[in-house]
Protein chains: 2
Amino acid sequence: MTIALDVEAPHLLKSKRLSLYTQDEVIVLMRTDCPVCISEGLTSRSRVRLTSVSGREIIATLYQVENDWLTTREAGLSEAAWTKLGVEDGTDISVSHAPTVGSLADIRRRIYGGRLDEPAFQGIIGDITAGRYADIHLATFIATCSALPLDIKEICHLTKAMIDAGERLSWETPMILDKHCVGGLPGNRTTPIVVAIVASLGFTMPKTSSRAITSPAGTADTMETLAPVDLDLKQMRRVVEEQGACIVWGGAVRLSPADDILIRIERALDIDTEGQLIASVLSKKIAAGATHVVIDLPVGPTAKVRSLDKAKSLSKHISAVATQFGLETRSIFTDGSQPVGRGIGPALEAYDVLAVLQNKPNAPQDLKKRAISIAAQALEMAGHVEEGAGQAASEATLLNGRAWEKFQAICEAQGGMRTPPIAPFTRSLLAQSSGKLAAIDNRKLSRLAKLAGAPNQKAAGLVMHIRLGDSVKATEPLLTVHAEAKGALDYAIEYAAANPDILTIEE
Amino acid sequence: MTIALDVEAPHLLKSKRLSLYTQDEVIVLMRTDCPVCISEGLTSRSRVRLTSVSGREIIATLYQVENDWLTTREAGLSEAAWTKLGVEDGTDISVSHAPTVGSLADIRRRIYGGRLDEPAFQGIIGDITAGRYADIHLATFIATCSALPLDIKEICHLTKAMIDAGERLSWETPMILDKHCVGGLPGNRTTPIVVAIVASLGFTMPKTSSRAITSPAGTADTMETLAPVDLDLKQMRRVVEEQGACIVWGGAVRLSPADDILIRIERALDIDTEGQLIASVLSKKIAAGATHVVIDLPVGPTAKVRSLDKAKSLSKHISAVATQFGLETRSIFTDGSQPVGRGIGPALEAYDVLAVLQNKPNAPQDLKKRAISIAAQALEMAGHVEEGAGQAASEATLLNGRAWEKFQAICEAQGGMRTPPIAPFTRSLLAQSSGKLAAIDNRKLSRLAKLAGAPNQKAAGLVMHIRLGDSVKATEPLLTVHAEAKGALDYAIEYAAANPDILTIEE
């Protein structure tokens, strides 16, 4: 049933920048009565392919208008569409139906219970990276890989596909250290400290970090309040060659770029399941060229990992996948029952990091101890010291100022050190009665910080005044909410009032 | 940790209708520098609650603009937002952060493998019906109920929640007949014929139908080319009181309204799994007051139900759920190996229906036989005739013209009979070689009809010229593509060229 084709010349419209902000969502507006919509039979929410004169292609969601924003010869682009298509105002854009996205058939197959092989994951991740998935497709992919969990084979395929879809770094040094914390614990900002310690002893740690998934701050969010983090590959390489280390945002260097697309939806859905977690973590590490990675697994009743059994199982799965890629991992299980440090939120956590690096007497000791433990594991894996001697070696770099010196040098190399912002609106929550702090709901605490504006508003978040087991008297402050906007502060306070079990005080 | 609140007076903006078409997506535009965005800390893609002066509330997705579409005191509404909020231009709208959607926690729970109970489904369906879910949440719910299939208990809970979320009809007649076809077979448009037959014999059949989910036409789409189908409850009741029957769109009468919201996303994802299928079908029937339902299950290698075993299992599950609600069902398994009738697409299927009802000699015999079989089951279940005598009774109403008379009366009662539209663009696909039609890929055939514009473009679709086993000579037409737009025609033809296995001719 082959037939001759006489498909017409492409339909052209003139590009128009709308200054319409939709985050990463690629949207094009056209008039209902525009000739392209009529002749192509396009309707609102059609997926369309836009091609620039230079041949760059994007897939966009069409919304139609019946007003004077556009002429019938214009296509209006959201900022995300504008940036990705890379055109100028008034240039020709060719418009057609979006091609069928072949890999969606694999997602449907998995929904109906089928397992996916390597080519399927390559197709899915390739289409995601190329921007061919609408948000509902991304959400479906995520949910599908969760409700019927990915098996180890599938996680390996997914990891490989995610690595292949982006850049892959290689370094002159044969040993490349890295660390990762499996989130879920507010304020656990050890990375900048660990990187500074390890690099100050001459090891290489080209650290790429993600922004927050479901937490009020990711390492990249916190680090951004101290120095630029959106370095490209070339800039990152220069910083690492100069300083032996960096702390940059992984998305900007296009290591496992699909991860950043998926994370946006995972954040909106507030889900982050094992298979995707492992693929996300390991694809970044492997693409960054890491050879030895320490994994910090906080365990606690309201942390992401709820029990030691689950931590051990996750650790085993991480190591099973890592081995397939020649990567050595070492997991440490840490206390996940309460936040680390005092601050929760990008800038507030940065101030904790600075206090530790500057060896201040009031520095949060829990954050300091954790960072030392992780650095110790890295140094022991790297053979810098004997097993058991890593702690002392790490702590020495904080006491003698070499870690702080190294951190400043890294910040300068990344584009200049900054002072983190301070929120204009604050309000403290006071204890209603005297007693001991018996329990903390870390998930609700995170939500409170997010309602205050974190991580998008860098200065927003919480400062904790007490820790588990501490005694408090009635009317003493338990924590202080920081916000950049009055509305956000009110909204957070309203949430705190409706959820008295965020902190449990027992007499 | 209770605290005093001094949340400020609500933030007001003036409503502005944008004439922005986004289908059902509820979107509000505000300027980045509008005081509400600043004080509330709102960003692009924030979910916000809009409240009208009369107290009506909707949840919308915020997109921000930095242009002259709006002043800093205005909130621009998409058509969907405008209709749902029911305001006039320039009236006050109060804006706040959308409240946390509690039921999303249950969806996350299910993603992590948990089963849901009745209150959970009530919460989810209530939030969906109230418009509190963004599209990614809907997609996640659908995927979550698919990858880990719903068990019978969960399907009952979901069905009940879907019934409870909408209107529920009751009728004076104790016996209310209904029928449903589990889709997947193009052109299977028996409903209008069955309704006409059954009603012409004095039985009550208040038929509500859905629009297409993944097919090129639903019964409501086809019926709409013959008469108005978006009747409200009062109008529907009047038609049924007058004529004993109706054929209306279920969405307009708010029977199981969540179903229509879910169907929009299922259609975009092209998935429709067992649990949701059963809840969707039965919630509509029960809410419509049905007591006896015939279920048509077409079985074929590319139909929705692929084997007799699966059909039996689905039939068992349907009946298990139906029994919980006191509903009697009878399933019949029909040939699902090829399309029914000649037309595929709303108007083209309507012409087939008319030919059968008008008892024309060229009427498609397969469609006629199927409709008679289903009507026969209904009449036998209803006790109108003995088991086995339903066929003859049904056929008689077609031969003596009473069914056609009844159908016209129903159309007139629904608002007036119409002539289905005819497509301006057609093109035939010709056989490349002589031989017999050995196989049809119904899924690809449906996709071809959809690419031609069905079901949104009513006249679009396909007309089949041969059936399985028919002989054809080279250059003879196999099927004709109908389209309302030249672009859609080209696109369909391009797809046909790339998929020669839609129809398989063997020598």
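Residues numbered from 1 in each chain as written. Chains lettered and ligands numbered in written order. Predicted model: local features only at pLDDT ≥ 70, side-chain atom pairs only at ≥ 80, totals over all residues. Heavy atoms only, no water.

Q: So what's going on with the overall build of chain A? Which residues, and what values?
A: When helices and strands are tallied, chain A shows 18 helices and 19 strands. With the C-alpha coordinates of chain A rotated into their principal frame, the extents come out at 75 × 55 × 45 Å. Pairs at least 24 apart in sequence give 79% of the contacts found in chain A among residues at least 6 apart. Summed over its atoms, the accessible surface of chain A is roughly 18400 Å², and 50% of this surface lies on carbon and sulfur atoms. Mean positive and mean negative side-chain charge positions of chain A (54 and 59 charges, respectively) differ by 2 Å. (Helix = DSSP H or I, 4+ residues; strand = E, 2+ residues; numbered from the N terminus. Contact = heavy atoms within 4.5 Å. Areas by Shrake-Rupley, 256 points an atom, 1.4 Å probe, with all protein chains shown as cover. Lys, Arg positive; Asp, Glu negative; His and termini not counted. Charge placed at Lys NZ, Arg CZ, Asp CG, Glu CD.)

Q: Describe in detail the interface of chain B and chain A, supporting the description with residues and values.
A: The interface is formed by 78 residues belonging to chain B together with 78 residues belonging to chain A. Summing both sides of the interface, chain B and chain A together bury roughly 6700 Å²; the carbon and sulfur share of this comes to 59%. Summed over the shared surface of chain B and chain A, the result is 4 salt bridges. Two residues, Asp135 of chain A and Arg45 of chain B, come together in a salt bridge whose shortest N-O distance is 2.8 Å. Taken together, the links from chain B to chain A amount to 24 residue pairs in polar contact (both at pLDDT 80 or more). Here the side of chain B that touches chain A is composed, by residue class, of 39 nonpolar, 23 polar and 16 charged. Pairing analysis gives 2 bridges linking strand E2 (residues 20-21) of chain A to strand E5 (residues 57-65) of chain B, with the strands arranged antiparallel. Counted as the bridge partner of Tyr21 of chain A is Gln64 of chain B from E5 of chain B. (Buried area = accessible area lost by both parts, 1.4 Å probe. Salt bridge = Lys/Arg side-chain N within 4 Å of Asp/Glu carboxyl O. Polar contact = N/O pair within 3.5 Å; in protein donor to acceptor, adjacent residues only side chain to side chain. Nonpolar A, V, L, I, M, F, W, Y, C, P; charged D, E, K, R; others polar. Pairing = 2+ DSSP bridges.)

Q: Account for the sheet that holds strand E8 (residues 177-181) of chain B, naming residues and giving values.
A: All names here are of chain B. Read across the open sheet, the 3 strands follow the order E8-E11-E12; overall the sheet is parallel. Whereas interior strands pair on both sides, the edge strands pair on one side only; in this sheet they are E8 and strand E12 (328-335). The sheet shows a mean angle of 20° between the axes of neighbouring strands, direction not considered. In this sheet, strand E11 (residues 292-299) lies alongside E8 in parallel orientation, the contact comprising 5 bridges. Bridged to Asp178 within E11 is Val293. Sitting on the sheet, helix H12 (residues 308-324) is in contact with E11 and E12, with an inclination near 165° to E12. (Axes fitted to C-alpha atoms, helices over the stretch in contact; angles between N-to-C directions.)

Q: Describe the nonpolar core, and please don't skip the residues or the numbers.
A: By size, the foremost hydrophobic cluster in this structure holds 128 residues, and its most contacted members are Ile128, Phe141 and Leu282 of chain A together with Ile128, Phe141 and Leu282 of chain B. Excluding anything up to four places from it in sequence, Phe141 of chain A contacts Ile107, Phe121, Ile124, Ile128, Leu158, Leu262 and Gln276 of chain A. (Core = buried A, V, L, I, M, F, W, Y, C linked by side-chain atoms within 4.5 Å. Buried < 20%, exposed > 50% of the residue type's maximum accessible area, 1.4 Å probe, protein only.)

It is worth stressing that arrangement in space is one thing and function is another; only the former is reported here.
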